[in-house]
Amino acid sequence: MKAGTVKAIREQSVRNEMEGTARIISIVQEGTNVHRGDLLVELDSSDLRERISQQEVVLQNSQFAFVQAKENVAIQRSLSDSNLKDAELKVEFAKSDLEKYKEGDWPQQTNVASAKTKISGEELARAKDRLNWTQTLAKKGYAPIRTRSG
């Protein structure tokens, strides 16, 4: 038999595209016939599993924060809607009170004040008439004049 080298008809390179370094756990023996889908090399994936676990925790925390934020938005929206409705009711009540004042209270109060002013004017005129009459009687000697001090 002659010595020589054997070369594969079809050769395929397989490269590890994983970041960092990887520890080999098992590898197929050199010269073994392999078929598509056969496991050639098993790398230590414990670092990757740890990173996946960490990312899952980050994901869960982010999802929880998102749910909380959505609930907070819903609560704030509800409070805002409630405050808006309360403010709208206050505006309606204020409009109603203003209309009541313009149409009822104010004209009534104006009429009462006007009537009181007229009555006071008439009482003042009567008091002046009495004063003039009393002064006239006093000049004629029929009525004594009193001063406030006596």
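Residues numbered from 1 in each chain as written. Predicted model: local features only at pLDDT ≥ 70, side-chain atom pairs only at ≥ 80, totals over all residues. Heavy atoms only, no water.

Visitor: Which parts of the structure should I look at to understand the overall build of the protein chain?
Guide: From N to C terminus, the protein chain includes 1 helix and 2 strands. Counting all 150 residues of the protein chain, 2% fall into the buried class. Total accessible area on the protein chain is roughly 14,900 Å²; 53% of this is exposed by carbon and sulfur atoms. (Helix = DSSP H or I, 4+ residues; strand = E, 2+ residues; numbered from the N terminus. Buried < 20%, exposed > 50% of the residue type's maximum accessible area, 1.4 Å probe, protein only. Areas by Shrake-Rupley, 256 points an atom, 1.4 Å probe, with all protein chains shown as cover.)

Visitor: Would you explain helix H1 (residues 46-139) in this entry?
Guide: Since the α-helix turns once every 3.6 residues, residues separated by three or four places project in the same direction. The first and last C-alpha atoms of H1 sit 129 Å apart over 94 residues, in line with the 140 Å expected at 1.5 Å per residue. The largest bend in H1 is about 45 degrees, located at Tyr 101. A positive backbone phi angle near 85 degrees is found at Gly 141, which sits one or two residues after H1. (Expected span 1.5 Å × (residues − 1). Bend = angle between axes of the 7 residues up to and from the residue.)

Visitor: How should I be thinking about a nonpolar patch on the surface in this particular structure?
Guide: The grouping of Val 14, Ile 24, Ile 27, Val 28, Val 34, Leu 40 and Val 41 at the surface amounts to a nonpolar patch, some 570 Å² of accessible area in total. Of note, Val 41 is situated in strand E2 (residues 41-43). (Patch = residues over 30% accessible without salt bridge, like charges linked within 9 Å, V, L, I, M, F, W, Y side chains within 5 Å. Salt bridge = Lys/Arg side-chain N within 4 Å of Asp/Glu carboxyl O.)

Visitor: Teacher, can you tell me more about the pattern of salt bridges here?
Guide: A side chain with one charge can pair with a side chain of the opposite charge if their charged atoms come near. Scanning all chains against the criterion turns up 3 salt bridges. The salt bridge involving Arg 23 is made with Asp 44; its shortest N-O contact spans 2.9 Å. Highlighted residues: Arg 23 in the segment before strand E1 (24-27) and Asp 44 in the loop between E2 and H1, separated in sequence by 21 residues. Looking at Arg 23, the relative accessible area reads 54%, which means it is exposed. Across the salt bridge formed by Asp 105 and Lys 100, the nearest N and O atoms sit 3.7 Å from each other.

Visitor: Would you take a moment to explain the confidence of the model for the protein chain for this structure?
Guide: Across the protein chain, pLDDT averages 88, with 95% of residues at or above 70. Element-level mean pLDDT values for the protein chain span from 86 in E2 up to 94 in H1. (pLDDT = per-residue confidence, 0-100.)

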